[in-house]
Amino acid sequence: MTLTHSCNTPWADNWLVDTGDEPALHHGLSPFGKTVLEEMNRLGMIVDLAHVSVETMKVVLNLSKAPVIFSHSSAYSLCPHRRNVPDDVLRRVASTGSLVMVNFYNAYVTCRDDATLADVAGEAGAWRVGGGNVPPCPAHPSPSVPTDHMDHVKKVAGVQSVGFGGDYDGVN
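Values in this document were obtained by computation on a predicted structure and should not be read as measured data.

Criteria and thresholds
Residues numbered from 1 in each chain as written. Predicted model: local features only at pLDDT ≥ 70, side-chain atom pairs only at ≥ 80, totals over all residues. Heavy atoms only, no water. Helix = DSSP H or I, 4+ residues; strand = E, 2+ residues; numbered from the N terminus. Contact = heavy atoms within 4.5 Å. Buried < 20%, exposed > 50% of the residue type's maximum accessible area, 1.4 Å probe, protein only. Pairing = 2+ DSSP bridges. Right-handed = clockwise from strand over helix to strand, strands pointing away. Disulfide = S-S within 2.5 Å.

Chemist: Looking at this model, I keep getting lost on the environment of Val17. Mind explaining?
Modeler: Mapped onto the elements of the fold, Val17 is located in the segment before helix 1 (31–43). Beyond its immediate chain neighbours, meaning those up to four positions away, Val17 contacts Asn8, Glu22, Pro23, Ala24 and Ser53.

Chemist: Is there a simple way to explain the pairing of strand 2 (residues 99–102) in this structure?
Modeler: For a regular strand, side chains alternate in direction, first toward one face of the sheet and then toward the other. Alternating positions in strand 2 separate cleanly, Val100 and Val102 being buried on one face and Leu99 and Met101 remaining unburied on the opposite face. Looking at chain direction, strand 1 (residues 69–70) and strand 2 are connected through 2 bridges and run parallel. Paired with Phe70 across the bridge in strand 2 is Val100. Note that the unit made of strand 1, helix 3 (residues 87–96) and strand 2 has a crossover that is right-handed. Two strands pair when backbone bridges link them, and strand 2 and strand 5 (residues 162–164) are joined in this way by 3 bridges, in the parallel orientation. Residue Val102 lies in a different strand from strand 5, and its bridge partner there is Phe164.

Chemist: Please clarify how the state of the cysteines should be interpreted in this entry.
Modeler: Counted by the stated rule, this structure contains 1 disulfide. The disulfide partner of Cys79 is Cys111, and the gap between their sulfur atoms is 1.9 Å. Disulfide Cys79-Cys111: the torsion about the S-S bond is 110°, which places it as right-handed. Placement of the pair is Cys79 in the loop between strand 1 and helix 3 and Cys111 in the loop between helix 4 (106–109) and helix 5 (117–121), with a sequence separation of 32 residues. Given a relative accessible area of 0%, Cys79 falls into the buried group.

Right under this line is the structure:
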């Protein structure tokens, strides 16, 4: 269950708080929000942080007893859209066994009106294929320098913390 969408809920602040378009009501989670999180953990529900504020991300990652997901978010350092996940949060994702499923929506991938699959997942050269390493393609000048969101999340949070997300309505 996602904790917010594009408005605050009685239990959590949404991403628009980080833009200044909405006020922070809970500074992450309200007391009721902490109860919601506890109950979701108890029931084995997956907590989705794709639409929450950065403060909400941090509070949930610190309190959750189970890994969480970002069902469709990308890397903030590659595209500074407030729906994306900052590197300090990506490091917390790694330490909690959580998952960032990289978004396909243009504005969250390139911060422009257009994006390509290479902006999301790069070229085959950056990934292990068939059990071996494939030499980097030109789009990847150095394997240590991520050039797409999948590579960046993999580099910061680890390969176990990256997946494909939703919002498949936009990349070319």
